[in-house]
Amino acid sequence: MSVLERSIPEEQTKREAGEKECLIWDREHECMPRPALEKLQLERLQKVVARCYEKVPFYRQKMDALGVRPEDIKTLADVSKLPFTSKLDLRDNYPFAMFAEPMSNVVELHASSGTTGKPVVGGYTKNDLDLWSDLAARVLTAAGVTSDDIVHNAFGYGLFTGGMGFHYGAKRIGATIVPASSGQTKRQVMLWNDFGATAFCSTPSYACVLAEQVEESGINPVADLKLRVALFGAEPCTPQMRAEVEKKLNVEAFDTYGLTELMGPGVGLECPIHDGLHINEDHFLMETIDPETGEVLPPGSEGELVLTSLTREAFPLLRFRTRDRTQVDQAPCACGRTTARLQKINGRTDDMLIIKGVNVFPTQIETVILSLPQFEPQYVIVVDRSSNFLDDIEVMVECTHEVHEAGEEAKEEARKKLAHELHQMLGINTRIKVVAPKTLERSEGKAKRVVDLRDMTK
Ligand code: ADP
Ligand code: ZN
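As the structure is a prediction and not an experimental result, all values here were calculated from the model.

Definitions and cut-offs
- Residues numbered from 1 in each chain as written.
- Chains lettered and ligands numbered in written order.
- Predicted model: local features only at pLDDT ≥ 70, side-chain atom pairs only at ≥ 80, totals over all residues.
- Heavy atoms only, no water.
- Donors = N, O, S within 2.8 Å, 3.2 Å for Na, K, Ca; no water.
- Tetrahedral: all angles 85-135°; square planar, octahedral: opposite > 155°, others 65-115°.
- Buried < 20%, exposed > 50% of the residue type's maximum accessible area, 1.4 Å probe, protein only.
- Phe/Tyr/Trp six-rings, centres within 6.5 Å; stacked < 30°, edge-to-face > 60°.
- Helix = DSSP H or I, 4+ residues; strand = E, 2+ residues; numbered from the N terminus.
- Lys NZ or Arg CZ within 6 Å of the ring centre and 35° of its normal.
- Pairing = 2+ DSSP bridges.
- Axes fitted to C-alpha atoms, helices over the stretch in contact; angles between N-to-C directions.
- Contact = heavy atoms within 4.5 Å.
- Parallel < 35°, antiparallel > 145°, perpendicular 65-115°, else oblique.
- Nonpolar A, V, L, I, M, F, W, Y, C, P; charged D, E, K, R; others polar.
- Near = heavy atom within 4 Å.
- Polar contact = N/O pair within 3.5 Å; in protein donor to acceptor, adjacent residues only side chain to side chain.
- Areas by Shrake-Rupley, 256 points an atom, 1.4 Å probe, with all protein chains shown as cover.

Brief notes about the coordination of the zinc ion (ligand 2)
Link 1 in the chain: Bound to the zinc ion (ligand 2) are the protein donor atoms C271 (SG), H278 (NE2), C333 (SG) and C335 (SG), situated 2.2 to 2.3 Å from the metal.
Link 2 in the chain: For the zinc ion (ligand 2), the four donor atoms in the first shell make angles of 104 to 112° at the metal, a pattern classed as tetrahedral.
Link 3 in the chain: Along the chain, the residues that donate to the zinc ion (ligand 2) are spaced as C-x6-H-x54-C-x1-C. Summarising the burial analysis for this pair, C271 and H278 share the class buried.

So this is what it looks like as structure tokens:
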């Protein structure tokens, strides 16, 4: 039997943390004492740097320009001597120039959505796929998924890593996979009901759409569905949005972190303690940097996350600038894992809007909207540039059915309340348009919360 097809529930070891039962897929690596983990990281870092220098012309040129050689990496801190890799570098080397293996060894390709230009292409060798399965199995196991579960995977299948990543993970665990992919929302809910799925995977915004469909179909999530666990990922999810879905679908939600450049799902996982995202540090080395200066920040500071893939064969990346804003917490977790945790990812550095000189993140607006009972968790932020070259935003948000039925006065009251709360949070006035329920476009994958109408050529 191949390693990929083994069903190994006995490898999922248990640990009780207070009232919570914490399952761990790979106790040896996820719970390694820190000194041993750091020793392993250094060995792997030295190897991957040597491979990149030898096999990827991009890295050889960059390292030569900086005057750094693979043998200069003597400690983990020496990682800061290495060049960064940016999204732009990956685009410049589109599609395969960053690969460290000949195409004959590359067995699968994936790509990011490429919303802002050419997509980023990731290649996987057989060993890379094997590792991906294993790391995705860690993610599912942390959420309590075992071979007894029916896992409904509503992440998009295809070039996007979400679908295949969770698929490989569930297969490795030996769970029953329903490869539903995204879309056809009515049918998804029917399958939940008919197949008795116990876990599902999707973006949090699509989970909201699914929850809406459950309500509409007259299904009672407690009596009719067997769902217990939801695995989110691919986009930020505020605690309010998560609580909304948990309540509507009667599930416990777990966030997961992944990105095409590093592998896809499998980079970070949430355990039942729900206190941040454990990064699989035996395979990914983390740094936090100041996004302006590129300077490495001390542990615990908020900054841009930078990741180095320590074990990837086909597509190893040194110091990849994720543009994700977060903070790293190295304190051991009650679940038993020793791997450091990212505090919630608050969005990408390039999601930040500067409105009237104030930094605004879409997640801040979401937090306020979801704190008010008059609104549905459906909104769009439209950014435009007025004639005086100042950026301006309008928040379009759906009111609840009740507010809509109550008429214009109720809507105006809700609008004023939201304007007031947003002013409290952001310190600026925002235009708000309250629209009827179910009028904004629903997403099947990552939600597009910001519509940018600015004409940058002016
Ligand atoms: P694309 O860059 O085209 O969106 P990816 O699917 O590779 O393609 O996106 C990875 C990005 O998605 C991450 O860098 C991060 O910004 C976001 N992301 C992934 N998981 C999460 C998460 N749990 N919370 C917040 N953002 C996330
Ligand atoms: Zn934990």
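The discussion continues.
Considerations on the packing of aromatic side chains
Link 1 in the chain: As enumerated under the stated definition, the model contains eight aromatic pairs in all.
Link 2 in the chain: Between F99 and F315 the ring centres are 5.7 Å apart and the planes differ by 65°, which places this aromatic pair in the edge-to-face class. Highlighted residues: F99 in the loop between α4 (87–92) and β3 (108–111) and F315 in the loop between β14 (303–309) and β15 (320–326), separated in sequence by 216 residues.
Link 3 in the chain: The class of F99 is buried, set by a relative accessible area of 6%.
Link 4 in the chain: Taken together through their ring pairs, the aromatic side chains of F96, F99 and F315 make up a single cluster.
Link 5 in the chain: The cationic tip of R312 hangs over the ring face of Y124; the distance from NZ or CZ to the ring centre is 4.2 Å.

Re the sheet that holds strand β7 (residues 199–201)
Strand pairing in a sheet takes place through backbone hydrogen bonds and is either antiparallel or parallel in direction.
Link 1 in the chain: Pairing within the open sheet is parallel, and its five strands lie in the order β6-β5-β7-β8-β9. In the strand order of this sheet, the two ends are held by β6 (176–178) and β9 (252–254), each with one partner. For this sheet the average axis-to-axis angle between neighbouring strands, irrespective of direction, equals 20°.
Link 2 in the chain: Where strand β8 (residues 229–231) lies against β9, three bridges are found, and the strand directions are parallel. Residue pairing for β9: L231 is matched across the bridge by F254.
Link 3 in the chain: The sheet strands contacting helix α7 (residues 185–195) are β5 (150–153), β6 and β7, and the helix crosses β5 at an angle near 175°.

Focus on the packing of helix α5 (residues 126–142) against helix α6 (residues 161–173)
Link 1 in the chain: Following both chains from N to C, one finds α5 and α6 inclined at 80°, their axes separated by 7 Å at the closest point. Taken together, the axes of α5 and α6 are roughly perpendicular relative to one another. Residues L129, D130, W132, S133, D134, A136, A137, V139, L140 and T141 of α5 pack against T161, M164, G165, F166, Y168, G169, A170, R172 and I173 of α6.
Link 2 in the chain: Partitioning the contact of α5 with α6 into residue classes produces 11 nonpolar, five polar and three charged.

Observations concerning the side chain of D149
Link 1 in the chain: Residue placement: D149 occurs in the loop between α5 and β5.
Link 2 in the chain: Once residues within four sequence positions are removed from consideration, D149 is found in contact with G144, A175, T176, T198 and R228.

Looking at the sheet that holds strand β13 (residues 284–289)
Link 1 in the chain: Pairing is antiparallel across the open sheet formed by three strands, whose spatial order is β13-β14-β15. Where the open sheet ends on each side, the last strands, each with one partner, are β13 and β15. For this sheet, the mean inter-axis angle between neighbouring strands, taken without regard to orientation, is 30°.
Link 2 in the chain: The pairing of β13 with β14 spans six bridges and is antiparallel. Across the sheet, the residue bridging to M286 is L307, located in β14.

A look at the site of ligand 1
Link 1 in the chain: Neighbouring ligand 1 are 18 residues; S113, D255, T256, T260 and D324 lie closest to it.
Link 2 in the chain: Between ligand 1 and the protein, one listed contact pairs a nitrogen atom with a backbone N or O atom of T256 at 2.7 Å.
Link 3 in the chain: Against a free-state accessible area of 570 Å², the protein chains account for coverage of 95% of ligand 1.
Link 4 in the chain: Here the shell around ligand 1 is composed, by residue class, of six nonpolar, six polar and six charged.

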